[in-house]
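Working through the structure, step by step
So the chains spell out like this:
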Amino acid sequence: MKRTLPLFVFLLSAAAAPAGDVLSWGRPLPADRDAKWTVSYGTFAGIDGHVHETFRAFYQATGQDEKQALAESYSFSDFGVDGSYPAFGVHYEKQWSLFSFRWDLLWISLDADATARRDYYLGLGDEISYGGHKYDHLMISAGTDFSLAFDGVWTTFGGAFAPFTLEVADAVRVTPELDLGLVLIGGQYDIDAGKPHGTTVYQNPPVDFVIGGSSSSFIGAGAPMVGAGVEVRVGPEDWIQWVTRANLGLFSYSGSTKPFSSSNHREKDFDLDFFSLSVDTSVVLPMDDATCFTVGLRLEYMDLDAEIKSKARDAAEIVAARERFDKSADFSAFSAMVYAGITF
């Protein structure tokens with residue numbers, strides 16, 4: 001249902017549009033004012049996320065179902081991530097009658113300090129050296145102060161198809177859109193739990209964890225995005241205009257983790273649903289015949305749900321692979337950005 005909603009909204013708006021002089025094909029716009037550069041500043045707030053261990057087939061296959069109670073859960077608040085964090089952006093848009101291209105780049109900076117509420121057992125992307133050995137798992141003991149930092153970018157390359165514009169009143173035009181784009185996320189995270197001061201063994205089969213230490217790693221992901229939107233433009237083309245755009249974006253995937261992980265990770269079943277809703281409103285102020293100053297506000301809500309499960313189904317295969325816990329994850333965030341720039 002989620003994946004068909006943008007197309008349904010688009011077809012409904014097309015069917016409802018009356019024929020006649022109020023309907024024009026494409027998006028009417030001045031030939032000398034079809035591109036836009038803007039810069040933005042704002043905040044990411046309402047950040048919330050959880051990772052839950054749900055079920056371990058290994059325990060079931062070996063008659064140890066009572067150990068399912070060992071499943072753990074982590075939330076962003078466990079790591080001190082519960083505030084608002086600054087973001088900076090650069091944005092470009094080029095429009096033609098039927099199509100438009102958009103590029104958005106956001107830089108996000110996050111710093112958090114926390115005290116471990118219990119023993120945290122974490123896998124790492126980068127190794128920690130201790131006692132002449134390297135460890136890719138970290139234990140943060142209960143009561144230990146530690147810090148987390150992330151600096152990353154969120155960039156979107158997208159195109160929009162605008163088949164018609166409906167003039168609903170004098171100098172009031174409504175243009176529906178179909179969107180297709182690519183979202184890329186990447187950045188560096190750092191976790192610092194002091195100097196390493198020992199090791200411990202945890203999990204079944206046993207895994208060596210270093211107690212304390214610091215690690216830095218790069219993480220990244222990308223996905224296509226489909227959606228639908230509508231733009232409302234109020235005002236004459238040669239004077240002040242008020243432009244508001246709303247867009248709904250969706251991505252859904254069900255399959256293997258192979259496209260999203262390196263070759264040394266065991267392949268799993270993977271389900272992912274991502275949803276975003278954005279509203280952008282701005283005022284366009286003419287500076288001369290070919291250039292306008294624009295200032296506006298953009299609000300966006302994002303929501304992600306994911307589930308990772310073992311691919312093994314045969315009991316002997318599950319025992320041989322020592323499959324670990326299946327996991328579910330959810331993430332949501334809200335961003336508010338003010339921006340300014342020029343159209344030309």
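Going by the structure above, here's the rest.
Residues numbered from 1 in each chain as written. Predicted model: local features only at pLDDT ≥ 70, side-chain atom pairs only at ≥ 80, totals over all residues. Heavy atoms only, no water.

1. Notes on the overall build of the protein chain
- The helix and strand inventory of the protein chain stands at three helices and 17 strands.
- With respect to the principal axes defined by its C-alpha atoms, the protein chain has extents near 75 × 45 × 30 Å.
- Counting every position in the protein chain, which comprises 344 residues, the buried fraction comes to 42%.
- Contacts spanning at least 24 positions in sequence make up 73% of the contacts within the protein chain whose residues lie at least 6 apart.
- Summing over all exposed atoms, the protein chain offers an accessible surface of approximately 17800 Å²; the carbon and sulfur share of this is 63%.
- Each charge sign in the protein chain was given a centre, from 26 positive and 46 negative side chains, and these centres are 5 Å apart. (Helix = DSSP H or I, 4+ residues; strand = E, 2+ residues; numbered from the N terminus. Buried < 20%, exposed > 50% of the residue type's maximum accessible area, 1.4 Å probe, protein only. Contact = heavy atoms within 4.5 Å. Areas by Shrake-Rupley, 256 points an atom, 1.4 Å probe, with all protein chains shown as cover. Lys, Arg positive; Asp, Glu negative; His and termini not counted. Charge placed at Lys NZ, Arg CZ, Asp CG, Glu CD.)

2. Observations regarding the nonpolar core
- By size, the foremost hydrophobic cluster in this structure holds 44 residues, and its most contacted members are Phe 44, Tyr 120, Leu 122, Leu 138, Ile 140, Phe 146 and Ile 191.
- Setting aside residues up to four positions removed in sequence, Phe 44 forms contacts with Gly 83, Ser 84, Tyr 85, Ala 87, Leu 106, Ile 108, Met 302, Ala 333, Phe 334 and Ser 335.
- Of all hydrophobic cores here, the second largest spans six residues; its members include Phe 58, Tyr 59, Ala 312 and Phe 325. (Core = buried A, V, L, I, M, F, W, Y, C linked by side-chain atoms within 4.5 Å.)

3. Observations concerning the pattern of salt bridges
- In this structure the tally under the stated criterion is 14 salt bridges.
- Residue Arg 27 pairs with Glu 231 through a salt bridge whose shortest N-O separation is 3.2 Å. Placement of the pair is Arg 27 in the loop between strand E1 (23–25) and strand E2 (35–53) and Glu 231 in strand E13 (residues 214–234), with a sequence separation of 204 residues. Each member of the pair, Arg 27 as well as Glu 231, is classed as buried.
- Between Arg 298 and Glu 300 there is a salt bridge, with the nearest N and O atoms lying 3.5 Å from each other.
- Look at Glu 300 and you get buried, because its relative accessible area is 12%. (Salt bridge = Lys/Arg side-chain N within 4 Å of Asp/Glu carboxyl O.)

4. Thoughts on the pairing of strand E15 (residues 268–286)
- Looking at chain direction, strand E14 (residues 241–256) and E15 are connected through 16 bridges and run antiparallel. Residue Tyr 253 lies in a different strand from E15, and its bridge partner there is Leu 272.
- In this structure, E15 lies alongside strand E16 (residues 292–310), joined through 19 bridges in antiparallel fashion. Paired with Val 279 across the strands is Leu 299, a residue of E16.
- Linking two consecutive strands that pair antiparallel, namely E15 and E16, is a turn of five residues. (Pairing = 2+ DSSP bridges.)

5. Things to note about the environment of Ile 108
- For Ile 108, the position within the fold is in strand E5 (residues 99–115).
- On a C-alpha basis, the gap between Ile 108 and Phe 209 in space is 30 Å, while along the polypeptide they are 101 residues apart.
- Excluding residues within four positions of it along the chain, Ile 108 makes contact with Phe 44, Pro 86, Ala 87, Phe 150, Asp 151, Gly 152 and Trp 154.

6. Considerations on the sheet that holds strand E12 (residues 207–211)
- Read from one edge to the other, the open sheet built from four strands follows the order E6-E7-E12-E11, with strand pairing classed as mixed. Of all strands in the sheet, those with a lone pairing partner are strand E6 (120–130) and strand E11 (199–202), marking the two edges. Taking each pair of neighbouring strands and ignoring which way they run, the sheet shows an average axis angle of 45 degrees.
- Relative to E12, strand E7 (residues 133–140) is paired through two bridges, and the arrangement is parallel. The partner of Leu 138 across the bridge, within E12, is Val 210. (Axes fitted to C-alpha atoms, helices over the stretch in contact; angles between N-to-C directions.)

7. Description of the environment of Met 302
- Its location among the elements puts Met 302 in strand E16.
- Residue class for Met 302 comes out buried when judged on its relative accessible area of 2%.
- Linking Met 302 and Phe 331, residues 29 residues apart in sequence, is a C-alpha distance of 8.0 Å.
- Beyond its immediate chain neighbours, meaning those up to four positions away, Met 302 contacts Phe 44, Trp 154, Phe 274, Phe 275, Ser 276, Phe 331, Ser 332, Ala 333 and Ser 335.

8. Brief notes about a negative patch on the surface
- A cluster of acidic residues, Asp 111, Asp 113, Asp 145 and Asp 151, forms a negative patch at the surface.
- For the negative patch, the secondary-structure elements that each account for two or more residues are E5 and strand E8 (145–161).
- Examined against the element boundaries, Asp 145 turns out to sit in strand E8. (Patch = residues over 30% accessible without salt bridge, like charges linked within 9 Å, V, L, I, M, F, W, Y side chains within 5 Å.)

9. Comments concerning the packing of aromatic side chains
- With the rule as written, the count across this model stands at 18 aromatic pairs.
- Consider the rings of Phe 79 and Phe 146, whose centres lie 5.8 Å apart with planes at 80 degrees: the pair is edge-to-face. On the criterion of sequence distance, the pair formed by Phe 79 in the loop between strand E3 (73–75) and strand E4 (85–95) and Phe 146 in strand E8 is long-range, its members being 67 residues apart.
- Note on Phe 79: relative accessible area 14%, which makes it buried.
- With a relative accessible area of 3%, Phe 146 lands in the buried category.
- Where Tyr 120 meets Phe 146, the ring centres are 6.1 Å apart and the plane angle is 85 degrees; that geometry is what we call edge-to-face. With a gap of 26 residues between them, Tyr 120 in strand E6 and Phe 146 in strand E8 connect regions that are remote in the sequence.
- Taken together, the aromatic side chains of Tyr 74, Phe 79, Tyr 120 and Phe 146 make up a single cluster linked through ring pairs.
- Its end group placed over the ring of Tyr 59, Arg 56 keeps NZ or CZ at 4.8 Å from the ring centre.
- For Arg 118, the ring lying beneath its charged end belongs to Tyr 74, and the centroid distance is 4.9 Å. (Phe/Tyr/Trp six-rings, centres within 6.5 Å; stacked < 30°, edge-to-face > 60°. Lys NZ or Arg CZ within 6 Å of the ring centre and 35° of its normal.)

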